[in-house]
Amino acid sequence: MADTSVEKLAVEVGKSVDRLIEQFSQAGISKKQLDTVSENEKQKLLDYLKKQHGADSVPTKMTLQRKTLSTLSVASTGGQSKDVKVEVRKKRTFVKREDAELAKQAELEAQAKAKAEAEAQAKAEAEAKVAAEAKANAEAKKKAEAEAKLKSEKVKSEPKVTKVTKVADPETAAAKVEADRLKATQDAVLTQKQKDDAAKAAETARQLAEVNSKRWAEEERQRLDAEKNGDHHITTSQVARAAEDSSDADDEKRGRRARNKSANKKRGGKDARGGREKHMRNRSTAPESMAHGFNKPAAAVSRDVRIGETVTVSELAHLMAIKATVIIKQMMKMGTMVTINQVLDQETAQMIAEELGHKVVLIRENELEHQVMQDRDDNIQLESRAPVVTIMGHVDHGKTSLLDYIRRAKVAAGEAGGITQHIGAYHVQTENGMITFLDTPGHAAFTSMRARGAKATDIVILVVAADDGVMPQTIEAIQHAKAGNVPLIVAVNKMDKPDADPDRVKSELSQHGIMSDDWGGDNMFVHVSAKTGMGVDELLEGILLQSEVLELKSVRDGMAAGVVIESQLDKGRGPVATILVQEGTLRQGDIVLCGLEYGKIRAMKDENGNAITEAGPSIPVEILGLSGVPSAGDEATVVRDERKAREVSLYRQGKFRDIKLARQQKSKLENMFANMEEGEVQELNIVLKADVQGSLEAICESLAKLSTDEVKVNIIARGVGALTETDATLAAASNAILVGFNVRADAQARKTIESESVDLRYYSIIYNLIDEVRAAMTGMLIPEFRQEIIGLAQVREVFKSPKIGAIAGCMVTEGIVKRSAPIRVLRENVVIFEGELESLRRFKDDTPDVRNGMECGIGVKNYNDVRVGDQIEVFETVEIARTL
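Quick caveat, the model's predicted, so the values are computed rather than measured.

On inspection of all chains with the given rule, the structure shows one aromatic pair. Both rings, one in Phe-833 and one in Tyr-863, keep their centres 4.6 Å apart while their planes meet at 15°; by these two values the pair is stacked. Here the residue Phe-833 occupies a position in strand E33 (residues 830-842), and Tyr-863 occupies one in the loop between strand E36 (855-860) and strand E37 (871-880), the gap between them amounting to 30 residues. Take Phe-833 and Tyr-863: they sit in the same class, and that class is buried. One Lys or Arg, Arg-744, reaches over the ring of Tyr-762 and ends 4.4 Å from the middle of that ring. Arg-824 extends its terminal NZ or CZ atom over the ring of Phe-875, reaching a point 3.9 Å from the ring centre.

Structure below.
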C-alpha cells in the first residue's frame, strides 16, 4: 500500500490531526500536518497504542456474577398470604496462576500427602505392636495359671496314692493314679474355658453398654417427655388445635374443682391436698379412644382385583384401594384423557391394574346370556341344505336384473333411480334343487351391506358387465369374498351388447387374483345376459355343482338360529325384521332373541308377502313381534324362556349404552384441545329417518365421510320409520335439517314443520341426498377473498392545488381506473402507499371511471408525495366461493 499523509490518516481513523501528531510524538516519531506516513511508522504507532491499552497482557482473574429472583408466598394475618420477592446474588472469582506457582503448590500437596501416609503407617505399626504384646502377655499368663493349677492338683493327689499303695497292688494303684490325673486335667481345662467365655461375654456387654448408654438415656428421656407432654390433637390445623387446647383446659379445670370439693368434704379441710391428686395432674388426659389403630403398610399391597366387562375409574380405584387421581395420572401417561366417572373397557382396566402391581381376575357378567345361548337341542342329525348365494358387483352392472330373470320377477323396475338400495333375500326352486339368493347394492355407500352379505353366504356370484369391465365396487366385492373365504363364481353380464368384451373382463380380474378355469385358475366364468336369458341355466348348474362340492349341512329339526338381513319399522305392523335361517326350523310362536331386542313371533311371511308358519335352513323369512328394530347383521336365536330372553336383552341394552357413553366421552376429551386450538367448527345438524336399517347405516357412514376440518356433519338423531312430531321438534330446537329417505312425515309432524319453519327434505336416491348435503356444507365454508388489479395509471406531471394538494396528471396505461376502487401508489415497482382516491377528473369534469389510453387528473386522499414516474394501481377485492 502507498504512503499516506497525516491529515488523511486522521480522517480515516476518526481523530483530529493534532491528537494524531501528539500520539506520533509519544511513540517517538516526529510528524507534521503535511508529512507522509509509511507502513512501518503506522505499525510502530499501533504497537505503542496496544502496549498503552494493555493489549499484550493476559488477564489473570475472572469474576462471574449471577442473580436470581424468586417469589415466596408467606402467610399473614387474616388467613391471607402475601408475595415476598427474594433476590439471590452469587459471585465467584477464578484466578489464573503462574506455572511456577502451580508447580510449587503441587510440590507442597505432594509433601503433605507423603507426610500423612508416613504418619498413618507409623500409627498402624504401633497399634499392631501393642496388640501383639498384649496377646503374648495374655497367653503367657494363661499358661502359667494352668501349670500352677495342675501342680497343685498333683500335690493334693499324692497322699491318697501313698495311702492306697499301702493296701493295694502296685500295678493297680499306678493305673488308678494315672486315670485320676487325666480326669483332673480335663476338668481343669473345661473349667478354665467356661471362665474365659464368661469373662469375654462380660467384657462385650460392658463395651456395648458404654457405647449405647448415652443413646438409651436420650431415648428414655424422650419417651418420658412424650408421655408427660404428649400431643393428642386429632387435626393438623393450628386454629383447630388451639380450640382443642382451650376446651381441654376448661374440662380439666372443672374436673379439678370437682375433685377438690370431694376431697375437702372427706378430709374436712378446704386446702387439703394429697400426693395422689398431684400425681393425677401429671398424667396424660388423652382417652384411649383417640389412640390410632391403623398402621401404614411398609410395602405396596398386591390385591386380587375382579374386573367385569366395563368399570368406571372411581370403581376401579375403590377395588385397588387407591385414589382415583392415581389412575387418571396413569392414563395420562398412556396418552389418554379420562375423568373420574368415565367407563373403561375390560382390557384397559386390566392393563392399568397390572401396571400398578395388582393381580387381575376377569369375571364374566353375562353368565345368564351364556347359559341361554348354550341351552340348545342335543343329539340332532345334520342334513343337507340349500346354498345361500350372494350376488355382488358394481352399480348398474345388472345384478338385480339377472336375479329378476331367474325369479321371473321385476324388482329392479320398482327401485328408485333403477339402482338397488336395500339388501334383498329370495329363494328359487329349480329342477335340481332350491337356491337362496341375497341381492346387495352396488353403490359405494353400501359397503357394510356387502360385507354382511359376504359373511352370511356360501357362494358369491360376482356380476361384471362385459362392456364396462372391472370397477371400484367390483374390486371391493372381491375383497369381501376373500375375507369371508367364500368360493366365487364370475357372471359376465350384458353379453347381448355388440361392444361386449369378455376377454377384457378376464384380463382385468386376473390382476386381482381371480383366474378363469379356462386359463388354469379355480374360478368359474359364465357368460350370461339378463335380458335374453343366455347362460342362466349354466349359471344355476354351476351354483349347484359348487354347493355339492362344499357339502353344505345343517340342523333341520332343532331350535332355529340365523342372521338379520334387513329391518324396518312399519307404521301398521311395528318392528319388522328379515331373517335368514341358518340352522333349525323357525316356527310361529317361537321366542326370539335378536341382538338388543327380543319377542315372540306373531306372524311370518316369505319374500312374496305370503303368510307361512315355519321356515327351515337357508330360507329368508320376515317376522313380526319384536320389541324394537334390531340392527342389520345381528344374530337371531330361538330361546326357551321369554323371561330370560328379556333379562338378556336388557343386559345387552345397558352394556350398549355404557359403551356408547364411553365412546362419546373419549371423543369429547380427545377433541377438546384440538377444538381449543382451532376455534369454533361449523356444524351441519341433521335429523335422519330411513325406511330400513341397512339404508340408514349406509347413509350415516357416507355423511360422516363428508366432514372436514372446517365443516362437520352432526347427525343428532337417527331412526327407522316415518318422521314424527318429536323429530320435527328436535330439528327445530337444534336448528337442524330434517331428512327423510323413502319415508314421509305424518300429519302432526307436518304441522310442527310448518309452524317452526323447519327445513324438510325427502329423498329416494342416495346420490341426491349426499350431493345436496355436500352443497349445504359448501355454503357454510368461509369464502376466500382475492385482490384483482383492474387498472394502472402512469404519473406524467404533478400539479399543486391549494385546496386539494398534489394532483397527479396521469395516463391510463392498462385497464380502467374507478373512483370508488382502492388504489396503491408504486414507486420503482415498490408499494409506498395504499389508500383511496379523493378525486378523479377528465379535463374539468368529475368522472366515475377513466379507460385505457385516456388522460385524467387523480387526487390521492391523505397523500401528497406523488412524484413524476410513479404508478397508481387500482384493484378490487373479489369474493370466491369455496368447495369441498
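Now that the structure is up, let's keep going.
For the rest of this paragraph, the subject is helix H19 (residues 725-733). Within H19 the residues assigned to the buried category are Asp-727, Ala-728 and Ala-731. Looking straight down H19, one finds that the buried residues subtend no more than 100° of arc, so they occupy a single side. Along H19, exposed side chains directed more than 90 degrees from the buried face belong to Thr-726 and Ala-733. Buried positions along H19 lie against strand E26 (682-690), strand E28 (737-741) and helix H20 (747-756). Just downstream of H19 lies Asn-735, where phi reads positive at about 55°.

What follows covers helix H1 (residues 6-13). Within H1, burial applies to Val-6, Leu-9 and Ala-10. Looking straight down H1, one finds its buried side chains confined to an arc of 105°; they lie on one side. Of the exposed residues in H1, the ones pointing more than 90 degrees away from its buried face are Lys-8, Val-11 and Glu-12. Contacts made by the buried residues of H1 are with strand E1 (4-5), helix H2 (17-26), strand E2 (36-37) and helix H3 (39-52). Among the residues trailing H1, Gly-14 stands out with phi positive, at a value near 75°.

This part is about the pairing of strand E18 (residues 574-583). Counting buried positions over the ten residues of E18 gives seven, a clear majority of the element. Where strand E17 (residues 561-570) and E18 come together, nine bridges link them in antiparallel fashion. Counterpart to Gln-568 in the pairing with E18 is Val-576. Hairpin connection, E17 to E18: the antiparallel pair is bridged by three residues.

With that settled, the discussion passes to the packing of H2 against H3. The contact between H2 and H3 brings their axes to 10 Å, and the two run at 80°. The angle between H2 and H3 falls in the class roughly perpendicular. Contact residues: H2 offers Leu-20, Gln-23, Phe-24 and Gln-26, while H3 offers Glu-41, Leu-45, Tyr-48 and Leu-49. Each residue belonging to the contact of H2 with H3 can be placed in one class, and the counts come to five nonpolar, two polar and one charged.

Cut-offs applied
Residues numbered from 1 in each chain as written. Predicted model: local features only at pLDDT ≥ 70, side-chain atom pairs only at ≥ 80, totals over all residues. Heavy atoms only, no water. Phe/Tyr/Trp six-rings, centres within 6.5 Å; stacked < 30°, edge-to-face > 60°. Helix = DSSP H or I, 4+ residues; strand = E, 2+ residues; numbered from the N terminus. Buried < 20%, exposed > 50% of the residue type's maximum accessible area, 1.4 Å probe, protein only. Lys NZ or Arg CZ within 6 Å of the ring centre and 35° of its normal. Arc of directions from axis to C-beta. Contact = heavy atoms within 4.5 Å. Pairing = 2+ DSSP bridges. Axes fitted to C-alpha atoms, helices over the stretch in contact; angles between N-to-C directions. Parallel < 35°, antiparallel > 145°, perpendicular 65-115°, else oblique. Nonpolar A, V, L, I, M, F, W, Y, C, P; charged D, E, K, R; others polar.

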